There are 4 protein chains.
Amino acid sequence: MDNRQSWRQRLYIIIFETSTPAAQRFDNWLLVAILTSLVVVMLDSIERFHNQYAGLFSALEWFFTALFAVEYALRLYCSPKPLRYAFSFFGLVDLLAVLPAILALMFADAQYLMIVRAIRMVRIFRVLKLRHYLTQANFLLVALRGSKQKIIVFLVSVSTLVTVFGALMYVVEGPAHGFTSIPTSIYWAVVTLTTVGFGDITPKTPLGQMLATMVMITGYSIIAVPTGIFTAELANAMRQDGQMEHDCPHCRKPRHEHSAAFCNRCGGPLFTRCDAASSAPRDRRETD
Amino acid sequence: MDNRQSWRQRLYIIIFETSTPAAQRFDNWLLVAILTSLVVVMLDSIERFHNQYAGLFSALEWFFTALFAVEYALRLYCSPKPLRYAFSFFGLVDLLAVLPAILALMFADAQYLMIVRAIRMVRIFRVLKLRHYLTQANFLLVALRGSKQKIIVFLVSVSTLVTVFGALMYVVEGPAHGFTSIPTSIYWAVVTLTTVGFGDITPKTPLGQMLATMVMITGYSIIAVPTGIFTAELANAMRQDGQMEHDCPHCRKPRHEHSAAFCNRCGGPLFTRCDAASSAPRDRRETD
Amino acid sequence: MDNRQSWRQRLYIIIFETSTPAAQRFDNWLLVAILTSLVVVMLDSIERFHNQYAGLFSALEWFFTALFAVEYALRLYCSPKPLRYAFSFFGLVDLLAVLPAILALMFADAQYLMIVRAIRMVRIFRVLKLRHYLTQANFLLVALRGSKQKIIVFLVSVSTLVTVFGALMYVVEGPAHGFTSIPTSIYWAVVTLTTVGFGDITPKTPLGQMLATMVMITGYSIIAVPTGIFTAELANAMRQDGQMEHDCPHCRKPRHEHSAAFCNRCGGPLFTRCDAASSAPRDRRETD
Amino acid sequence: MDNRQSWRQRLYIIIFETSTPAAQRFDNWLLVAILTSLVVVMLDSIERFHNQYAGLFSALEWFFTALFAVEYALRLYCSPKPLRYAFSFFGLVDLLAVLPAILALMFADAQYLMIVRAIRMVRIFRVLKLRHYLTQANFLLVALRGSKQKIIVFLVSVSTLVTVFGALMYVVEGPAHGFTSIPTSIYWAVVTLTTVGFGDITPKTPLGQMLATMVMITGYSIIAVPTGIFTAELANAMRQDGQMEHDCPHCRKPRHEHSAAFCNRCGGPLFTRCDAASSAPRDRRETD
C-alpha cells in the first residue's frame, strides 16, 4: 500500500506538475510527441506523401494513439480524484485525442476523425509551462469577462444585420447572379461585413452594388465596437492593477497604493486598531 | 365595461410587459414563432426545399402571417394609446411583418416582399428580456451619440476619398480593364478602401496598381479613426474619474475632482479629522 | 466708388460668409450645383446613358463650367486679397474645377480631365456650414498632428516590410505563378498586408503559401499600431479639454478647472494681484 | 601612426556619425545610392526592361556591389571594435547586401539572391537621421516590449485556432472542393481569419459555409485583442499620471501620486503655504 501510494504520488508529480527535473523532462517529451503526431496527421493528408509513406504514417499514428492512451490511463490512475480530471477541460481534450483512433478500428470512414486530434494543440499551453504567460493571459481573460454582456449585444446586432442585408441582397440580385438562396446571401453578407471578401459571389446590378457599398462601410466602421469595448476594459483592468481597494474611514476615497498607511487626500489614517476583520481591505491582486 | 377594461389590462400585461409568468410564457412562444417563421422563409428560398415542400411552406407562411396579424391587432386593441404604438419603432416593425403577405395576395411578384419579414428580427431584442443587456448597450449608445459629429465628419471624408479615387482609377485604367464607368470605379474604391477586396475588378496597369496601393494603405490606416473615436468616447464614459459629490464645509461648493483635498473655489480643506461617516462624500460610481 | 465698394462687400458676405439669409441661400444653391455637376459627370461615364443623352450632358457640362467660372471670377473680384485666395487650398480646388473644361476646348482627349472636377467635393465641407462639425473635426486634426511622427515611422516600416516580403515572394514563386516582377510582387504584398486580398495573384507553392501566412499574420497584427497611436492621442486630447494650464505658485500643480481660484491639491491661491501678464495662464480652448 | 589614427577617426565621424556637414553629405549620398540600387533591382525584374537594358543594369549592379563592399570595408576599418560592428544588426544587414553578388559570381542561379539586397532598406532608418523620429519610435518599442507576453499568448491562440478550423474544414469540405490537404486548409483558415480572403479556395457545401462564417466572425472580433493590448500599453506609457517627485517635509518620502495632498506614509501635509518655488515638486512630464 505504501509503495503503491508513493508510486502514485511520484507519477502525479511527474505528470501533473512542473517542479522537478523529471517533471520538466516529461513535459518536454510530451510536447515533442504532441507536435510530431500533429505533423504526421498533416503530412498524411497531402496526397503525394500519403501515397509514398502510407505504411509509415499508419504505424506512427498507432504508436501515438497507444502513447496517448497510456498517458491518459496514467493520468486517471494517479489523479487523486479521477472523475474530476476526466470531466475537466483538459481531461476531455485528452480523451478526444485517443477516441477517434479507436472509432476508426470499427468504422473505416472514421479515419478522418483522427484529424480531431488537432484539438490536442490546446495542451501545448499547459506543457509550455505557461503559468508565467498565463498571468498575462489573466488580464486578457478579465477584460473579456468584464465585456461579456456588451459583446453579446454586439454579436446579436451583427446577426440581425447580416440577416437583413442578406435577405435584401437576395431580393435585389436574385439567384441568377449567384445569390441562390437566403442562407447563401447571408453567407455573402458575413463575408462582406467582416471585410473578408472572397469574391466567389459578387453583386452585378447597380442597386446591388450600392447595397453592397452600405454593407462594406458598415462592416468597416463597426469593427470599432468590439475593439473599443475590449480596449477600454483592458486599460481599466491594467490601471487598477496594484492598488488596494479600501474605503478611507474619513473621506471614503476608494483606492490607495498597496503600501499606504494614510489617505493621500485627507491625511487620515487608513486603519485603526479596532478595525474588525470584516472591514479589512481586499488587495486587488491577480489570483493565480 | 368593467370586464372589457379588465380584459384589456390583462392583455396589456401579457403582451407588453414581462412581470408575470403568463407574460413570460407569451414572450417565449412569440420568440419561437419569430425564429420559426424566419427559418421557414430561409428554407423556402433554397430551390431544393422549395420544390419539395412548397405546399407546407405556403401553409406555414399563411399561418404565421395570420398569427402576427392577430398579435398586431391585439397590440393595437389593448394599448392605451394605439396611434402612439402604431408609429413607434416597434410598431412599424410589426406592421412590416404582416404587410408583405397581404400585398402578395394582390400582386404575385410581391411574394418576395415576404422576405422583408426578416426585419422582425429586431423584435428579438425585446423578447429576450434584454433589459439587463440594454444597460450595457446603453454605454455603447452613449458612446455612439457622443461621437456622432466626429463620425459624420469621418463619413463625409470617406465619401470624398472614394469618389476622388474612383474617378482617378476610371481615368487611369479605363473601361477595357473592368472600370466601366465612374460609379463602377467608385464601387471598386469602396471595396478596396474597406479592405474587403472582392477581386471582381482589379487594376491591370502599373500606374493603376500604384494608385490602388495608395487606396489600400489609406483604407488600412484610417480604420484607426472610427476605432479611436469610439474607444476614446467609451473609455471616457466608463471612467470613474467623474466628480466627487461632497459639499465643501466652508463655501458648500457641491462638486470637486475625485482627488481634490481643498476646495478650488474658497481654498478650504474638504475634510477634517472629525468627519463622521455619514457626511463622507459619495463617489460617482457606475450603477449596475 | 462707394457703390462699387459696397457691392464688393455685399458680394463678399454672400459668397464667403454664412451669416445672412442671402448667404445661406447662396450656399445651398452652390451645394445643389456641385452635387448635380458630379452626378452628371458620373452618369456621362456610363455607356448606356452616354449614348442616349450625350447632347444633354454636354450642354449641362458647359453650363456648370460657365457657372463655376463665373463664381471663381466673382470670388477673385470681391476678395480683399485676391492672390491670397487664389493660392489658398480652396482657391486651387476651385480653379481645378474649371480648368479641365477649358483645356478640353483645346485638346480633345482632355475631356477625361473633367473628371478631376470630382475634387470639388471638398468644397462640400465648407458649404454645409460645417463650422459646427469642424469644431469636432479639430479634435481629430489635433490627434493626427500629435501623432505625425509616430505615423511616419509606421509608414516607413510598412514600406520596408512590403518591399522585403514582395522581393522574397518573387524569388519563391516566380513569374510562372503570377509574380511577374518585383514591383508586381510588392503590389501583391500590399494587397495582402492590408488584408484587402483581391485574389488576382495568389501563391501556389507550399513555401509561398507559408510566406504568405507570415505576411497575413503581420498585416493582421500591425493594424493595431496606427489604431493605438491615434486612439491614445485622441483620448489624451479629449481628456485635457476644458482644463486650464497654469502652474500653482505653491505646489506647481499644472492643471486646474477653468473656474478654479485655489489649487485643489495644496489650497493655495492660484493668482496674486501682482501676477504680471507674462505669467498669466493659457486657457486650453479650441481655436476656431 | 598619428596620421593613420586621425584618418580613422575622421572616417569614423563621417561614416558613423551625423554631426558634421561632411557626415551629413555622406549620409545623403548613401541614401541616394541605396534607393537607386533598389530601383535598379526592381526594374531588372520586369521582363520588358530586362530585355532592353540588360547590359546597363548588370553594370549598375556591379557598380553598387563594389560601392557597398568598399563602404563595408571602410566601416570595418575605422570602427574601434570591428568584430562588434560585424555582428551587430546593422553590420549583418550590410554584409547581406554585398554577399549575394559575390555568390552570383560562382553560382549562376544565385543571381536571384541579389534581390536579398532589398534588406538594405532597413539602413534607410539610420541614414534619414531618424534620431528625432526614433524618440517617437521609442514609445512604440516600449509599448511593444511591455505587451510582449500578451502578444505571445495571442499568437499561440491564433495558431491553435487556425489549425483546428483548418482541420475541420478539411474534413467537412474535402479535396474535391479545393481543400486538398490539412496544410492547405490551414492556409485557407489563415487567409479567412485575417480577413484577407483571396478567394482562391472557397467553401462550397452549406456546412462548410456555416463553419466559414464562424471563422470569419472570430477573425473579425479578435482583431480587437492585439489592438487593445497595444493601445492600452501605449496609453499607459504616454500618460502623465506617473508620479510626483517631491520630498515629504515630515518623513522625506520621495514619491507620491500626482494628486496627493498628504503623504500616505506619515499623514502629514505635502505643501505648506510658505513653500518657496525652488522646493516645489517636479512633475514627471514627457521629455521632448
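Note that this is a predicted model, so its numbers are computed, not measured.

**Q** What should I look at first to understand the overall build of chain A in this one?
**A** When its secondary structure is counted, chain A shows 11 helices and 3 strands. Secondary structure of chain A in N-to-C order comes out as α-α-α-α-α-α-α-α-α-α-α-β-β-β.

**Q** For this particular structure, what's the right way to read the nonpolar core?
**A** One recurring pattern in soluble globular proteins is that nonpolar side chains are buried together. The biggest cluster of nonpolar side chains holds 142 residues, and the ones touching the most others in it are W188 of chain A, W188 of chain B, W188 of chain C together with W188 of chain D. Not counting residues up to four positions away in its chain, the partners in contact with W188 of chain C are M169, F179, I201, T202, P203, A212 and V215 of chain C together with F198 of chain D.

**Q** Can you walk me through the environment of R48 of chain C in this structure?
**A** Residues and elements named next belong to chain C. Note on placement: R48 falls in helix 3 (residues 47–78). The exposed category is assigned to R48, whose relative accessible area is 57%. R48 sits 149 residues away from G197 along the chain, and the two C-alpha atoms are 31 Å apart.

**Q** Looking at this model, I keep getting lost on the interface of chain D and chain A. Mind explaining?
**A** The figure often quoted for interface size is the accessible area lost as the parts come together. In this assembly, 57 residues from chain D lie in contact with 51 residues from chain A. Across the chain D/chain A interface, buried area totals approximately 4700 Å², and carbon plus sulfur atoms make up 71% of it. Run the count over chain D and chain A and you get 1 residue pair in polar contact (both at pLDDT 80 or more). At the level of elements, helix 8 (148–172), helix 9 (182–193), helix 10 (206–222) and helix 11 (224–238) of chain D are the ones that each hand at least two residues to the side of chain D that touches chain A. Ranked by residues supplied to the side of chain D that touches chain A, first place goes to helix 8 of chain D with 13 residues. Residue composition of the side of chain D that touches chain A, by class: 29 nonpolar, 22 polar and 6 charged.

**Q** So what exactly am I meant to see when it comes to the packing of helix 9 (residues 182–193) of chain C against helix 10 (residues 206–222) of chain C here?
**A** A pair of packed helices can be characterised by two numbers: the angle between their axes and the separation between those axes. Residue and element names in this part refer to chain C. One way to put it is that helix 9 packs onto helix 10 with a least axis distance of 8 Å and a crossing angle of 50°. As judged from the angle between their axes, helix 9 and helix 10 are oblique. Residue-level contacts link W188, A189, T192 and L193 of helix 9 to A212, V215, M216, T218, G219 and I222 of helix 10. Across the contact of helix 9 with helix 10, the residue classes break down as 7 nonpolar, 3 polar and no charged.

**Q** Would you explain the side chain of S185 of chain D in this entry?
**A** Residue and element names in this part refer to chain D. In this structure, S185 sits in helix 9. Classification of S185 as buried rests on a relative accessible area of 0%. Once you skip the residues sitting within four places of it in the chain, S185 turns out to touch G166, Y170 and F179.

**Q** Honestly, a nonpolar patch on the surface in this entry has me stumped. Any pointers?
**A** Among the surface-exposed residues, V70, L74 and Y77 of chain A lie close enough to one another that they form a single nonpolar patch of about 240 Å² accessible area. On the basis of relative accessibility, which here comes to 35%, the residue Y77 of chain A falls in the partly exposed class.

**Q** Help me out: how do you make sense of the UniProt feature "transmembrane region" (unreviewed entry) in chain A in this one?
**A** Residue and element names in this part refer to chain A. Under the local residue numbering, the UniProt record ascribes the feature "transmembrane region" (unreviewed entry) to residues 29–46, 53–74, 86–108, 151–172, 178–198 and 210–230. Along residues 151–172, the helical share is 100% and the strand share 0%, with 31 Å between the first and last C-alpha atoms. Structurally, residues 178–198 is divided into 57% helix and 0% strand, and its ends, taken at the C-alpha atoms, are 13 Å apart.

**Q** In this structure, what is going on with the pattern of salt bridges? I would like to understand it.
**A** Here the idea is simple: oppositely charged side chains can pair when their charged atoms come close. Residue and element names in this part refer to chain B. Counted according to the given criterion, the structure contains 6 salt bridges over all chains. Salt-bridge contacts for E71 lead to R75; the nearest nitrogen and oxygen are separated by 2.7 Å. Of this pair, E71 and R75 are both found in helix 3 (residues 47–78), 4 residues apart, which corresponds to roughly one turn of the helix. Residue R75 is classed as buried on the basis of its relative accessible area, which comes to 1%. Of the charged contacts, one joins R252 and D247 as a salt bridge, the two residues approaching to 3.6 Å between their closest N and O atoms.

**Q** What is the right way to read the packing of aromatic side chains from this model?
**A** Two descriptors summarise a pair of aromatic rings, namely the distance from one centre to the other and the angle between the planes of the rings. All names here are of chain A. Scanning all chains against the criterion turns up 21 aromatic pairs over all chains. With 5.3 Å between their ring centres and 70° between their planes, F179 and W188 make a pair best called edge-to-face. For the residue pair F179 and W188, the accessibility class agrees, reading buried in each case. Taken together, the ring pairs connect F63, F64 and F68 into an aromatic cluster. The residue whose ring lies beneath R48 is F49, and the NZ or CZ to ring-centre distance is 5.0 Å.

**Q** Is there a simple way to think about helix 2 (residues 21–45) of chain B in this case?
**A** In an α-helix, one turn spans 3.6 residues; hence positions three or four apart end up facing the same way. Helix length check: helix 2 of chain B (25 residues) gives 37 Å between terminal C-alpha atoms against 36 Å at 1.5 Å per residue, within 8%. Turning to helix 2 of chain B, its buried residues number three or more, namely A23, D27, L30, L31, A33, I34, S37, L38, V40, V41 and S45 of chain B.

**Q** Can you walk me through unusual backbone geometry in this structure?
**A** Backbone geometry follows two general trends: most residues other than glycine have a negative phi, and most peptide bonds adopt the trans configuration. Positive phi values are uncommon outside glycine, yet T195 of chain A reaches one of about 60°. Structurally, T195 of chain A can be placed in the loop between helix 9 (182–193) and helix 10 (206–222).

**Q** Help me understand the side chain of T202 of chain C, please; the structure alone is not making it clear to me.
**A** Within the secondary structure layout, T202 of chain C lies in the loop between helix 9 and helix 10. Among all residues touching T202 of chain C, those that are not within four sequence positions of it are H177, F179 and W188 of chain C together with F198 and D200 of chain D.

**Q** Got a minute to help me understand the state of the cysteines in this structure?
**A** Joining two cysteines, a disulfide is a covalent bond between their sulfur atoms. Residue and element names in this part refer to chain D. Taken as a whole, this structure holds 0 disulfides over all chains when the rule is applied. Here C266 stays free of any disulfide, with the sulfur of C251 as its closest cysteine sulfur at 3.6 Å. Taking the relative accessible area as the measure of exposure, C266 reaches 29% and is therefore partly exposed.

**Q** Please clarify how helix 9 (residues 182–193) of chain B should be interpreted in this entry.
**A** Residues and elements named next belong to chain B. Look at helix 9: 16 Å from first C-alpha to last across 12 residues, which is about the 16 Å you get at 1.5 Å a residue. With respect to burial, helix 9 is a largely interior element, 11 of its 12 residues being buried. Every buried residue of helix 9 is accounted for by I182, T184, S185, I186, Y187, W188, A189, V190, V191, T192 and L193. Looking one or two residues past helix 9, T195 carries a phi angle of roughly 60°, positive in sign.

**Q** Is there a simple way to explain the environment of S157 of chain A in this structure?
**A** Residue and element names in this part refer to chain A. As for its position among the elements, S157 is in helix 8 (residues 148–173). A relative accessible area of 26% places S157 in the partly exposed class. Between the C-alpha atoms of S157 and F271, which are 114 residues apart in sequence, the distance is 48 Å.

**Q** Would you mind showing me how to read the confidence of the model for chain A here?
**A** All names here are of chain A. Mean pLDDT over chain A stands at 74; residues scoring 70 or higher make up 75%. Across residues 125–132, confidence stays below pLDDT 50; counting only partners more than four residues off in sequence or on other chains, it has 17 contacts. pLDDT under 50 marks residues 282–288. Its contacts with residues more than four places away, or in other chains, come to 17 contacts. Prediction confidence for the complex, expressed as pTM and ipTM, is 0.76 and 0.71 respectively.

Basis of the calculations
Residues numbered from 1 in each chain as written. Chains lettered and ligands numbered in written order. Predicted model: local features only at pLDDT ≥ 70, side-chain atom pairs only at ≥ 80, totals over all residues. Heavy atoms only, no water. Helix = DSSP H or I, 4+ residues; strand = E, 2+ residues; numbered from the N terminus. Core = buried A, V, L, I, M, F, W, Y, C linked by side-chain atoms within 4.5 Å. Buried < 20%, exposed > 50% of the residue type's maximum accessible area, 1.4 Å probe, protein only. Contact = heavy atoms within 4.5 Å. Buried area = accessible area lost by both parts, 1.4 Å probe. Polar contact = N/O pair within 3.5 Å; in protein donor to acceptor, adjacent residues only side chain to side chain. Nonpolar A, V, L, I, M, F, W, Y, C, P; charged D, E, K, R; others polar. Axes fitted to C-alpha atoms, helices over the stretch in contact; angles between N-to-C directions. Parallel < 35°, antiparallel > 145°, perpendicular 65-115°, else oblique. Patch = residues over 30% accessible without salt bridge, like charges linked within 9 Å, V, L, I, M, F, W, Y side chains within 5 Å. Areas by Shrake-Rupley, 256 points an atom, 1.4 Å probe, with all protein chains shown as cover. Salt bridge = Lys/Arg side-chain N within 4 Å of Asp/Glu carboxyl O. UniProt positions renumbered as here; feature names shortened; annotations may be inferred. Phe/Tyr/Trp six-rings, centres within 6.5 Å; stacked < 30°, edge-to-face > 60°. Lys NZ or Arg CZ within 6 Å of the ring centre and 35° of its normal. Expected span 1.5 Å × (residues − 1). Disulfide = S-S within 2.5 Å. pLDDT = per-residue confidence, 0-100.

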